[in-house]
Amino acid sequence: MSVIISCDSKGSLENAQDLTVSEGFENPLGFYDANPTFSWKLPVSENNISQSAYHIVVASSPDLLPGNADLWDSEKQTSEQSIWISYGGKPLESRQKVYWQVKYWNQDNEASKWSETNHFELGLLNNSDWKAQWVGLDTAKDSIRGKGKVLIHKTQYLRKGFELSSDVTSARLYITSKGVFDVSINGENVSDDAMSPGFTTYDKRIETLTYDVTNLIESGQNTIGVELASGWHSGRLLWGTTPWDNTISPKVLAQLEMTMSDGSKEIIVSDDSWKGMTNGPLQFAEIYDGEIYNANMEMPDWTTNNFDDKTWTKVEVAAIDTNVKLEPKRHTSVKEKVELAPQNITNNDGAVVFDLKQNMVGVPVVNVPMKKGDTLKIRFAEMLSPDGAFYTKNYRSAHSTDYYIASKDGVIEYKPKFTFHGFRYVELSGFDTSNEPSKDWVKGLVLYSDFDDNGTFTSSHDKLNQLQSNIVWGLRGNFLDIPTDCPQRDERLGWTGDAQVFGPTSMFNADVYKFWASWLQSVREAQLEDGAIPWTVPDSRGNKIGSSGWGDVCTIIPWKIYMRTGDTSILEENFDMMQNWLKYHEKRSKDYISNMMSFSDWLQPYPENGNTRGDTSSKLIGTAFYAHSAKLTAKVAEALGKTKEQAKYEELYATVAKAFENKFFDETGKVKEVAETQTSYLLALAFDLLSEDKKANAKKFLLVKIVEADNHLRTGFLGTPLLSEVLDETGEIDLMYKLLFNETYPSWFYSINQGATTIWERWNSYSKEEGFNPMNMNSLNHYAYGAIGQWMYERIAGIAPLEAGYKVIKIAPQPNEPLTSASASLNTPYGKVSSSWEIKDGEFDLEVVIPPNTTAKVTIPVNRLGELMLNGKLFEDTNQVKLLSTTEAGFELSAKPGIYKFTSIPK
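These figures come from a predicted structure and were not determined experimentally. (Residues numbered from 1 in each chain as written. Predicted model: local features only at pLDDT ≥ 70, side-chain atom pairs only at ≥ 80, totals over all residues. Heavy atoms only, no water.)

1. Observations concerning the nonpolar core
Part 1 of the reasoning: Among the nonpolar cores identified, the biggest contains 214 residues, and Leu428, Leu467 and Phe902 are the most heavily contacted of them.
Part 2 of the reasoning: Setting aside residues up to four positions removed in sequence, Phe902 forms contacts with Phe844, Asp845, Leu846, Val848, Val858, Ile860, Leu868, Met869, Leu870, Val881 and Leu893.
Part 3 of the reasoning: Among the nonpolar cores identified, the runner-up in size contains 28 residues, and Leu137, Ala171, Val226 and Leu256 belong to it. (Core = buried A, V, L, I, M, F, W, Y, C linked by side-chain atoms within 4.5 Å. Buried < 20%, exposed > 50% of the residue type's maximum accessible area, 1.4 Å probe, protein only. Contact = heavy atoms within 4.5 Å.)

Next up, the structure:
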């Protein structure tokens, strides 16, 4: 029998928990979705095995719930569904605040209490809701011209005073910018968001933010102040050929809507009554290059009523462009999520270097003694050269340096605002050298989009645990509003290939559904008329061609998200994009063999052709992904009930697969005509592109290629994620463990042995013997090879979805030397699932947690001749756990929700 948390003493069911709307928002303000879905979790209880029915009520006031819901009453619905229930009530509008509750019935038709009342408030959903205008100063006319057409704009300071005759009962600030902004009211910062509003396809959509500022507004005189910098919109981006005009001066759009104590409405908008100036303390702010802050130019209280702005100039005004959608931000803003302290400090030729012991992304906070007029120089590096010098060659043209000019003697505090850096080391120079440096001079503030951790993984092996840590820190470093390739050099762009290989692993480690859904909207917006997906999204280079394996992100990520969430809306939103991408595949193919440009198996180690794109044929790669995207699109059509489209794309998949097999494989299942690589076999096997009579031989040829590489991988960005999957499916668990635990190049542990605290761009970005890789692309924070994390969760620890959303869970750990234990936990849409195993004194213990409203198939990987114990007793079938079969692989069981401990004892 299972070990379970009991229900309350009255015997009635506890109310539903963790209520969310759409992609996991809890009580959001400024919400984007007027057609939300509702989700909840059943509390862990011996009475809750599954849900048999639910009842949702939605109202315009909490006082109307539960009995007088005026927006929607679902009535009692007989259904196990507790996630992604579509709203079916009256149309919702901008600004509307909505309240909702749910109750459920368990498997015995016992009813729960009504849940606590949750709510969401919609933002401004339409351009027509905005009465404000874009405002700002013409910083382009006197800006420094940077690379290409990019202008280096001065930071703007904008303000507006206004007077109110009565008290405010409610106030909402709706705001966005072309650039990045920070806003204060009456001297108080409105939020702790960073780099707002974020990075989108600015020629198609700009995100808006909503803030509750009720407590900041006063009766009488008030002031709103905005700092505005270039950000991604008007700053320099690699290549600098954006589809939007990034030469225009940054602008802000603000609308403050207030309800007064007498019930009347007041509105303050950005218009020509605002004033501004550029001669403030923040003289320069760029993402790649850093900031220059001159404390001599500070303007105390400039966002308060006591400031005299008579010398400020009137702003320029621009109308809202009807071709660019203004929409509430779809995912969480960037925030300061973690604080790191230096572990040691060293002197370096007159400067002081602070080592945080962790490669991170964000900004420093410095508290440093200075003399008036001196300039503090703050430099950053991911690693030091063997002689202790800063290694910044891999930043390329990104200056990545901050400067602070002191206005007085004494300790200054400074934190950059409109930039971010990738670094482990911080170097300070220009401080008052009469003071002895101390560790408390510097802190590292880690910035990333405001999501929570979603899972855990640990094991008995220190280096494997370090690999898990490196994966997590790579995620944190490259999920700063969009999924980037790297966070430190003159790039930091949304490369689609990197995203598609790491996406599944990210969802184990972090709650990033809304993050991916938002970025996929940008992918849809960036798709070209012929169906091509740009190499980077948002499209910073304006290229008109796609890359196989890169553009296929548009089919792969939606399907992977669906499998981990069970939410069909992610498929509905992206289905047209998938179909259009297949048209582009068709356009770039002849007789179903791809001619599409491709970055191929990027950064494959030891390429015989000497190319960063590796040895695997781009035609083979393109054709394989053509077939794979067709297969995924067919699966999506099936999930959406589109039978006609399903048949169409299943036929396309079969046709392309046949062409692939005939073109690139001979009758023995060996690669022909093109280079024979590990990745060529991995693509064929992982994407199921070979007939049955050739698969077995293809597996053998793959193993030969691995043996030829001295049992090491020879895979780049596209091949590496498939390596563990294929070897697992072919039963080569010993070999996969060998590859994973290799210590020498190329391997995951190689970088760890060289001191890595994040995933690197190259398998050999640095070595203690040879130093840094001489190539100019050498990011030390690049998450692509962290895709191995999916296998660590799904097979080492053993948690995977058998049905979308983990409605049915596969728990099948694969223990192997050198591990003696491993465990993982994961927050699924239905609740927390965990799997923890240990081998001790010949016994195998597996502890499992299965959340309510799911079932699990559990495999105990031991010899079938052994005895199986459940919770300390010899196993017998129960209502909760039943034996399905015994095989050479072990015991297979079905299990209902609960907490179990299985023990296998060999005879």
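2. A few points about unusual backbone geometry
Part 1 of the reasoning: With omega at 5°, the peptide bond leading from Ser196 into Pro197 counts as cis.
Part 2 of the reasoning: When you line up the elements, Pro197 lands in the loop between strand E16 (188-189) and strand E17 (205-212).
Part 3 of the reasoning: For the bond from Val537 to Pro538, the omega torsion is -5°, close enough to zero to count as cis.
Part 4 of the reasoning: Examined against the element boundaries, Pro538 turns out to sit in the loop between helix H4 (513-526) and helix H5 (553-565).
Part 5 of the reasoning: In this model, Arg396 sits at a positive phi of 55°, which is unusual for a non-glycine residue. (Helix = DSSP H or I, 4+ residues; strand = E, 2+ residues; numbered from the N terminus.)

3. A word on the side chain of Gln527
Part 1 of the reasoning: The residue Gln527 is located in the loop between H4 and H5 in this model.
Part 2 of the reasoning: One polar contact links the side chain of Gln527 to the main-chain carbonyl oxygen of Gly531, over a distance of 2.9 Å.
Part 3 of the reasoning: Every residue in contact with Gln527, bar those within four places of it in the chain, is listed here: Ala532, Ile533, Pro534, Met577, Asn580 and Trp581. (Polar contact = N/O pair within 3.5 Å; in protein donor to acceptor, adjacent residues only side chain to side chain.)

4. Here we look at empty space enclosed by the protein
Part 1 of the reasoning: For the coordinates displayed, the defined rule picks out six cavities of 30 Å³ or more.
Part 2 of the reasoning: In this structure, the largest cavity encloses a volume near 80 Å³.
Part 3 of the reasoning: Considering the residues around the largest cavity, the lining is formed by Leu467, Ser747, Trp748, Ser751, Ile759, Trp760, Arg762, Trp763 and Tyr785.
Part 4 of the reasoning: Taken together, the residues that form the lining of the largest cavity break down as six nonpolar, two polar and one charged. (1 Å grid on protein atoms, 1.4 Å probe; cavity = no way out; pocket = protein on both sides within 12 Å on 5 of 7 lines; lining within 4 Å. Points joined across faces, edges and corners; volume = space filled by probe spheres on them. Nonpolar A, V, L, I, M, F, W, Y, C, P; charged D, E, K, R; others polar.)

5. Quick look at the pairing of E17
Part 1 of the reasoning: For E17, the buried fraction is high: seven of the eight residues fall into the buried class.
Part 2 of the reasoning: Relative to E17, strand E14 (residues 168-178) runs antiparallel, the two being bridged by four bridges. Paired with Tyr174 across the strands is Thr210, a residue of E17.
Part 3 of the reasoning: The pairing of E17 with strand E26 (residues 325-328) spans four bridges and is parallel. (Pairing = 2+ DSSP bridges.)

6. A closer look at the sheet that holds E16
Part 1 of the reasoning: Taking strand neighbours across the sheet as the criterion, the six strands line up as E16-E15-E18-E13-E21-E24 in an open arrangement whose pairing is antiparallel. In this open sheet, the two strands that pair with only one neighbour each are E16 and strand E24 (313-314).
Part 2 of the reasoning: As paired elements, strand E21 (residues 275-277) and E24 share two bridges and run antiparallel to each other. Bridge assignment links Gly276 to a residue of E24, and that residue is Thr313.

7. A look at the pattern of salt bridges
Part 1 of the reasoning: The final tally for this structure, using the stated rule, is 46 salt bridges.
Part 2 of the reasoning: Close ionic contact of Arg159 with Asp309 constitutes a salt bridge, the shortest N to O distance being 2.6 Å. Here Asp309 lies in the loop between strand E23 (290-294) and E24 and Arg159 lies in strand E13 (residues 156-164), a separation of 150 residues in the sequence. Here Arg159 matches Asp309 in class, with each residue buried.
Part 3 of the reasoning: Of the charged contacts, one joins Lys443 and Glu339 as a salt bridge, the two residues approaching to 3.9 Å between their closest N and O atoms. Taken together, the residues span a long stretch of sequence, with Lys443 in strand E36 (residues 442-449) and Glu339 in strand E27 (residues 334-340) at a distance of 104 residues. (Salt bridge = Lys/Arg side-chain N within 4 Å of Asp/Glu carboxyl O.)

8. Examining the pairing of strand E3 (residues 37-41)
Part 1 of the reasoning: E3 sits mainly inside the fold: five of its five residues count as buried.
Part 2 of the reasoning: Residues Thr37, Ser39 and Lys41 line one face of E3 and the alternating positions Phe38 and Trp40 line the opposite face, and both faces are buried.
Part 3 of the reasoning: Across three bridges, the pairing between strand E1 (residues 17-21) and E3 is antiparallel. Bridge pairing in E3 links Thr20 to Ser39.
Part 4 of the reasoning: Of the strand pairs in this sheet, E3 and strand E7 (residues 85-86) are connected by two bridges, and their pairing is antiparallel. Following the sheet pairing, Phe38 is matched in E7 by Ile85.

9. Points about the packing of helix H7 (residues 618-639) against helix H8 (residues 643-664)
Part 1 of the reasoning: Direction vectors running N to C along H7 and H8 enclose 160°, while the axes themselves pass 8 Å from each other. Regarding the angle of H7 to H8, the classification is roughly antiparallel. In this structure, the crossing between H7 and H8 has a hand that is left-handed. Contact residues: H7 offers Lys619, Leu620, Thr623, Ala624, Tyr626, Ala627, Ala630, Lys631, Thr633, Ala634, Ala637 and Glu638, while H8 offers Glu645, Gln646, Tyr649, Glu650, Leu652, Tyr653, Val656, Ala657, Phe660 and Phe664. (Axes fitted to C-alpha atoms, helices over the stretch in contact; angles between N-to-C directions. Parallel < 35°, antiparallel > 145°, perpendicular 65-115°, else oblique. Left-handed = near helix turned anticlockwise from the far one by under 90°.)

10. Considering helix H14 (residues 789-797)
Part 1 of the reasoning: Within H14, nine of the nine residues are buried, which leaves it mostly tucked inside the rest of the structure.
Part 2 of the reasoning: For H14, the full list of buried residues reads Gly789, Gln790, Trp791, Met792, Tyr793, Glu794, Arg795, Ile796 and Ala797.
Part 3 of the reasoning: The positive-phi residue at the C-terminal boundary of H14 is Gly798, with phi of around 95°.

11. Considering the confidence of the model for the protein chain
Part 1 of the reasoning: Model confidence for the protein chain is summarised by a mean pLDDT of 95, while 97% of its residues fall at 70 or above.
Part 2 of the reasoning: Every residue in residues 1-11 is under pLDDT 50, and counting partners more than four places away or in other chains gives 25 contacts. (pLDDT = per-residue confidence, 0-100.)

12. Observations regarding the sheet that holds strand E49 (residues 855-860)
Part 1 of the reasoning: With mixed pairing, the five strands of this open sheet are ordered in space as E44-E45-E49-E53-E52. Each edge of the open sheet is held by one strand with a lone partner, namely strand E44 (799-801) and strand E52 (881-887). The sheet shows a mean angle of 20° between the axes of neighbouring strands, taken without regard to direction.
Part 2 of the reasoning: For strand E45 (residues 808-811) and E49, the ladder comprises four bridges, and the chain directions are parallel. Directly across from Ile809, in E49, lies its bridge partner Ala856.

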